[in-house]
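# Per-entry structural report
Below are the chains, spelled out letter by letter.
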Amino acid sequence: MKVLLGATAAFALLAAPAFAQTTSAPTQCAFTAAPSIPDGATASNNEMRDARAAFEAWRTTRTTELAACQAAAQALQTQAQTAVGAYNGGLTETNSTIERFAAENTEYNARGGASSGRRERGGTLTRPDH
């Protein structure tokens, strides 16, 4: 369990800079600034006509920009869901491996360190010249 906690903490520390670098909005979510809006109480007919034309052009552009941003957001959500699935699979495999190793290690320790009669690698009984 301590190994799992240590591995999780190490992952979090290593992953933090990557998360910090990817928190900016995609380029598709950069929007054109809104046009200036004249004061209706004092604007002339020409100023309001020009403002209306600028507003309509901006509105058309903004609609296109919003659609592109929405598509980028949906693509990022799909990518994030795929990453979460991969993470969950990797975590499950990691935990399972840790548990299996701990069980085998416990079984080994319960034997009292007895081996099958062979010496460890490099011992005098396994060397061909002895």
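As a reminder, the structure under discussion sits directly above these lines.
First, a word on what this report is: a plain description of the structure on this page.

Rules used throughout
- The written sequence of each chain sets the order in which its residues are numbered from 1.
- Local features in a predicted model are, by the rule used here, given only for residues with pLDDT of at least 70; side-chain atom pairs are given and counted only at 80 or more, and totals for whole chains, interfaces and linings are based on all residues.
- Side-chain metrics rest on all non-hydrogen atoms present in the structure, leaving aside hydrogens and water.
- Numbered from the N terminus, helices here are DSSP runs of H or I no shorter than four residues, and strands are runs of E no shorter than two.
- Accessibility here uses a 1.4 Å probe with only protein chains present; expressed as a share of the type maximum, an area under 20% marks a residue as buried, one over 50% as exposed, and anything in between as partly exposed.
- Contacts are residue-level and defined by heavy atoms, with any inter-residue pair within 4.5 Å sufficient.
- In short, Shrake-Rupley with a 1.4 Å probe defines the accessible areas, and a residue's cover is counted only from the protein chains shown.
- Salt bridges are identified by distance alone: a Lys or Arg side-chain nitrogen within 4 Å of an Asp or Glu carboxyl oxygen.
- Side-chain rings of Phe, Tyr and Trp (the six-membered ring for Trp) are treated as a pair once their centres are within 6.5 Å; stacked means planes under 30 degrees apart, edge-to-face means over 60, and tilted covers the remaining angles.
- N or O atoms closer than or at 3.5 Å make up a polar contact, with two conditions inside protein: a donor-capable atom paired with an acceptor-capable one, and, for residues adjacent in sequence, both atoms drawn from side chains.
- Sulfur atoms of two cysteines make up a disulfide when they are within 2.5 Å.

Our focus in this paragraph is the overall build of the protein. Helix and strand content of the protein: 2 helices and 0 strands. Expressed as a percentage of the 130 residues in the protein, the buried residues total 7%. Within the protein, counting contacts between residues at least 6 apart in sequence, those at least 24 apart form 70% of the total. Looking at the protein as shown, the accessible area adds up to about 10800 Å², and 59% of this sits on carbon and sulfur atoms.

To continue, consider the pattern of salt bridges. Under the defined criterion, the tally for this structure stands at 2 salt bridges. With its nearest N and O atoms 3.5 Å apart, the salt bridge here joins D50 to R49. With relative accessibility at 46%, the residue R49 sits in the partly exposed group. Taking the shortest distance from any N to any O, the salt bridge between R62 and E65 comes out at 3.5 Å. Highlighted residues: R62 and E65, both in helix α2 (residues 45-110), separated by 3 residues, approximately one helical turn. Owing to a relative accessible area of 13%, E65 belongs among the buried residues under this scheme.

Further remarks concern the packing of aromatic side chains. As enumerated under the stated definition, the model contains 1 aromatic pair in all. Both rings, one in F55 and one in W58, keep their centres 5.9 Å apart while their planes meet at 35°; by these two values the pair is tilted. Taken together, the positions of F55 and W58, both in helix α2 and 3 residues apart, correspond to about one turn of that helix. The partly exposed category is assigned to F55, whose relative accessible area is 33%.

Before going further, it helps to examine the side chain of E65. There is a polar contact of 2.4 Å between the side chain of E65 and the side chain of T32. Residue contacts for E65: discarding those within four places in its chain leaves Q28, A30, F31 and T32.

Let us look at the state of the cysteines. Per the stated rule, a full pass over the model turns up 1 disulfide. Two residues share a disulfide in this structure: C29 and C69, whose sulfurs sit 1.9 Å from each other. The sign of the 95° torsion about the S-S bond sets the C29-C69 disulfide as right-handed. Of this pair, C29 sits in the loop between α1 (2-21) and α2 while C69 sits in helix α2; the two residues are 40 residues apart in sequence, bridging distant segments of the chain. Its relative accessible area of 16% is what places C29 among the buried residues.

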